[in-house]
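# Understanding the architecture of this molecule
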Amino acid sequence: RAAATVAGGEGCRTVPLAGHVGFDSLPDQLVNKSVSQGFCFNILCVGETGLGKSTLMDTLFNTKFEGEPATHTQPGVQLRSNTYDLQESNVGLKLTIVSTVGFGDQINKEDSYKPIVEFIDAQFEAYLQEELKIRRVLHTYHDSRIHACLYFIAPTGHSLKSLDLVTMKKLDSKVNIIPIIAKSDAISKSELTKFKIKITSELVSNGVQIYQFPTDDESVAEINGTMNAHLPFAVIGSTEELKIGNKMMKARQYPWGTVQVENEAHCDFVKLREMLIRVNMEDLREQTHSRHYELYRRCKLEEMGFKDTDPDSKPFSLQETYEAKRNEFLGELQKKEEEMRQMFVQRVKEKEAELKEAEKELHEKFDRLKKLHQDEKKKLEDKKKSLDDEVNAFKQRKTAAELLQSQGSQAGGSQTLKRDKEKKK
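Just so we're clear, the structure is a prediction, and the values are computed from it rather than from any experiment.

### Regarding the confidence of the model for the protein chain
For the protein chain, mean pLDDT is 88; residues scoring 70 or higher make up 94% of the total. Here strand β1 (residues 3–8) stands out as the element of the protein chain with the lowest mean pLDDT, 48, in contrast to strand β6 (residues 148–153), whose mean of 96 is the highest.

Next comes the structure, spelled out in structure tokens:
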């Protein structure tokens, strides 16, 4: 029997409907609208070079994505993002695959996680900036937030590396982490079972929160509960098809036999595909928005000074928050302006003091040079005077000598005349 609820004071009361109204078609309307708009899904593949990340993505979506193999010579960790438009039946999917190029290849792996965290935060920040715009276009905005992080674990069979634990610990509050053991055909069945138990215990002991498939929905509670016990998934990827029996199947051919990718007795690839794509893709998208993005948004807005309540626990309106933040900003700006003015005055005073000191030193230097010049001039004048005196004395001696010489020559001439006269007589 049809029924409806209407507002009645503080609560609601249920009333019967006299006939069919038609709002039971809302789910169909929602489905049609969602299908027409299309969906987006973003996967982050984190793991060391050579663990088969690209091959697994090709296998998961049954296609060949473009991409060049990464080398081991990267100077640092770089994130490479590629977006593809996929179509299945009448449903369109904009798929973005982000790979970590050079992860784990450096000698010093201490900061390998930082570019990944910065990339995830950058996508959150871009979505937040779009939300804060006056004119938002979220219905056409390409949501680049990471919905699922496939963390590839090397099939060592022993334990997790420190790099894996540190990276997953830094990422667990920002993204849905699904750990997978890559190239799981490299270790035996018994070693693989022990390896899974070891990984799970290490994640729990180090407080790493991985994504748990939801069990609150009755329709998927049983399968998700079963799959949670199989984490981490041991997977194998291959784009090569081999004829097994009468069917062509994705497999890997070895000298000792054939490993079938879609055979659940060989690996967990089918479980991963079921859980990631066919059952929980929408939950991964919802968890990203309602949990990880909300945490980032809340922390970011608190950093910006926005609050829900004032110190008296009263509601805080956006206008009041804006005014308070604006006044605070203007106050800080005025304070900084006053500090800069005082600093400028202080700098001017210091410069004036330096110039005065330099001027004083120049005057002292000028006085020293002037005094030195006067002393040198006096010495030169005294020397010139002594030289003039010597010249005058020399001239006087010369004149006296010439006079004596002339007198002597005259006396000698008179005596010669006298002798001549006496001879004549």
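### Side note on the UniProt feature "coiled-coil region" (unreviewed entry) in the protein chain
Per the UniProt entry, the sites bearing "coiled-coil region" (unreviewed entry) are residues 319–397 in this numbering. Across residues 319–397, the secondary structure splits into 100% helix and 0% strand, with the terminal C-alpha atoms separated by 114 Å.

### Focus on a negative patch on the surface
On the surface, a cluster of negative charge is made up of D216, D217, E218 and E286. Checked against the element boundaries, D216 lands in the loop between α5 (189–205) and α6 (218–228). A relative accessible area of 70% means that D216 is categorised as exposed.

### Topic: the domain arrangement of the protein chain
One can read the domain layout of the protein chain as domain 1 (37–304) and domain 2 (317–391). Centre-to-centre, using C-alpha coordinates, domain 1 lies 66 Å away from domain 2.

### Things to note about the nonpolar core
Grouped together as the largest cluster of nonpolar side chains are 72 residues, with contacts concentrated most on L150, L272 and L276. In contact with L276, other than residues within four places in its own chain, are F41, I43, L60, A148, L150, I178, M281 and L284.

### Some thoughts on the sheet that holds strand β10 (residues 247–254)
Strand order in the open sheet made by the 3 strands is β9-β10-β11, with antiparallel pairing throughout. The sheet is open, and its two borders are formed by β9 (241–244) and β11 (257–260), each paired with just one other strand. Strand-to-strand twist across the sheet, computed as the mean angle between neighbouring axes with direction ignored, equals 65 degrees. Sheet analysis places β9 next to β10, joined by 4 bridges and oriented antiparallel. Within β10, the position partnered with K243 by the bridge is M248.

### A look at the sheet that holds strand β7 (residues 177–181)
Whether parallel or antiparallel, the strands of a sheet pair through hydrogen bonds between backbone atoms. With mixed pairing, the 6 strands of this open sheet are ordered in space as β4-β5-β3-β6-β7-β8. Of all the strands in the sheet, the pair left with one neighbour each is β4 (78–88) and β8 (233–234). Bridge count between strand β3 (residues 39–46) and strand β5 (residues 91–101): 7 bridges; the pairing is parallel. Of the residues in β5, the one forming a bridge with C40 is K94. Sitting on the sheet, α5 is in contact with β6, β7 and β8, with an inclination near 150 degrees to β7.

### Overview of the pairing of β5
Most of β5 is tucked away, with 8 of its 11 residues classed as buried. Where β4 and β5 come together, 11 bridges link them in antiparallel fashion. Each bridged residue has a counterpart across the sheet, and for D85 the counterpart in β5 is K94. Here β4 hands over to β5 after 2 residues, with S89 in that stretch at a positive phi of 55 degrees.

Calculation notes
- Residues numbered from 1 in each chain as written.
- Predicted model: local features only at pLDDT ≥ 70, side-chain atom pairs only at ≥ 80, totals over all residues.
- Heavy atoms only, no water.
- pLDDT = per-residue confidence, 0-100.
- Helix = DSSP H or I, 4+ residues; strand = E, 2+ residues; numbered from the N terminus.
- UniProt positions renumbered as here; feature names shortened; annotations may be inferred.
- Patch = residues over 30% accessible without salt bridge, like charges linked within 9 Å, V, L, I, M, F, W, Y side chains within 5 Å.
- Areas by Shrake-Rupley, 256 points an atom, 1.4 Å probe, with all protein chains shown as cover.
- Salt bridge = Lys/Arg side-chain N within 4 Å of Asp/Glu carboxyl O.
- Lys, Arg positive; Asp, Glu negative; His and termini not counted.
- Charge placed at Lys NZ, Arg CZ, Asp CG, Glu CD.
- Buried < 20%, exposed > 50% of the residue type's maximum accessible area, 1.4 Å probe, protein only.
- Domains from an automatic or database assignment.
- Core = buried A, V, L, I, M, F, W, Y, C linked by side-chain atoms within 4.5 Å.
- Contact = heavy atoms within 4.5 Å.
- Pairing = 2+ DSSP bridges.
- Axes fitted to C-alpha atoms, helices over the stretch in contact; angles between N-to-C directions.

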